[in-house]
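Coordinates in review
Residues per chain are reported as follows:
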Amino acid sequence: MTNKKGLWLFEWVMLAYALFTLLFMAVQWGQLVNPMPMLLGRVGAVAMTLLLWQLYRFKPCRLTAVLRVIAQMCLLGWWYPDTYELNRIFLNLDHVFANLEQTLFGCQPALLFSQHFTSPVLSELLCLGYFSYYPMIGAVAFYYFMRRYERFTYCAFVILASFFLFYVIFIFVPVVGPQFYYEAVGIDQVAQGVFPDLGHYFLNHQEALPIPGSDGLFHGLVQQAHNAGERPTAAFPSSHVGISVVLLWLAWEAHPGATLRHGPRSWALFVPLAVLSLLMFFATFYIQAHYAIDAIAGLIAGTAMYFLFRWLYRVVYL
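The structure contained in this document is the topic of the report that follows. (Residues numbered from 1 in each chain as written. Predicted model: local features only at pLDDT ≥ 70, side-chain atom pairs only at ≥ 80, totals over all residues. Heavy atoms only, no water.)

1. Quick word on the state of the cysteines
As a reminder of what qualifies: Only a pair of cysteine sulfur atoms within 2.5 Å counts as a disulfide in this structure description.
This model, assessed by the stated rule, comprises zero disulfides. In this model Cys74 remains outside any disulfide bridge; the closest cysteine sulfur is found in Cys155, 15 Å from its own.

Below is the structure:
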């Protein structure tokens, strides 16, 4: 563990993101739909961070340390829909991405994939992959906490910093994804390759297509999660794919003595994550949460973020 008395680097990242978005809100205050709840949420996030920091200083131990990490992980569920409140003031860009998708693939994979692969088993496997997103994050963080405690804050920093960089991109690249765009445009139009510019349509609309696939446990869980917290935001690049790639890199170097070149001495963490990440990749456009190009961009972005924040952590602490 490093910097035992002060704020940890992942907490500074959260504070920097809160300040950056607060300044953005100040500039765009008149265009925001719900500015006061957003402001109060930031005050609460900062207050909780400082309170847990003081608790750790009073009683420095593994319990108070993990509470600091868990708090920031839980806050991600609040920061995510907050990106919608910020990016919906901009013109929607889905027509650009849908046209690019059509040019690259000659079709809309998010539309055709779910129509042609209708097996209930495949549907459940893909929904399992998508649903495993947060359990995968928890598994990697837990492994570092139990087996590499001296690297625990490093793991938390790489994960959280990657999330916040994705959130910055989502604010300024307002792409909502097929489930919202196809619903707004109409499946018939999409099937004919017609992708109109919707402008500010998503400023006041959040209607989405139902999750494709056969009814099953994981299909139902994914649908419930989308009904509860999904917003027309955060499609490009896919943070589900990007964060899963970050987790794979962290799992690759997780075991003591492992190197990026030679890999882990134990595959118990890496192999299950690799399987779930593969399912996650295809699930993102199977359930129409993303375009295929979003998933591909997620692979690139996740790898870039891992190496960027791995390097930055070393610069700060080594």
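2. Details of the nonpolar core
When a protein is soluble and globular, its nonpolar side chains tend to lie buried together. Defined as follows: Throughout this description, the term nonpolar core refers to a set of buried Ala, Val, Leu, Ile, Met, Phe, Trp, Tyr and Cys residues connected via side-chain atoms within 4.5 Å. A 1.4 Å probe rolled over the protein chains alone gives each residue an accessible area, and that area as a share of the maximum for its type sets the label: buried under 20%, exposed over 50%, partly exposed in between. Two residues form a contact once any of their heavy atoms are found within 4.5 Å.
Within the largest apolar cluster, 103 residues are counted, with the highest numbers of intra-cluster contacts made by Trp79, Phe157, Tyr167, Tyr181 and Leu250. Non-local contacts of Tyr181, meaning those with residues more than four positions away in its chain, are made with Asn92, Asp94, His95, Ala98, Val176, Phe195, Pro196, Leu198, Phe202 and Tyr291.

3. Quick word on the side chain of Arg88
To keep it simple, the criterion reads: Only DSSP runs of H or I reaching four residues or more are called helices, and only runs of E reaching two or more are called strands; each is numbered from the N terminus. Nitrogen and oxygen atoms within 3.5 Å of one another constitute a polar contact, given that in protein one can donate a hydrogen and the other can accept it, and given that sequence-neighbouring residues count only through two side-chain atoms.
Positionally, Arg88 belongs in the loop between α3 (62-87) and α4 (94-105). At 2.8 Å, the side chain of Arg88 forms a polar contact with the backbone oxygen of Leu203. Sequence-distant contacts of Arg88, that is, excluding residues within four places in its chain, are made with Val33, Asn34, His200, Phe202 and Leu203.

4. Focus: helix α1 (residues 9-27)
The line we're drawing: Here the expected span of a helix is defined as 1.5 Å times the quantity of residues minus one.
With 19 residues, α1 should cover 27 Å at 1.5 Å per step; its first-to-last C-alpha distance of 27 Å lies within 8% of that length. Among the residues of α1, Leu9, Phe10, Glu11, Val13, Met14, Leu15, Tyr17, Ala18, Thr21, Phe24 and Met25 are the ones counted as buried. At its buried positions, α1 is contacted by α2 (35-58), α3, α8 (152-172) and α14 (292-317).

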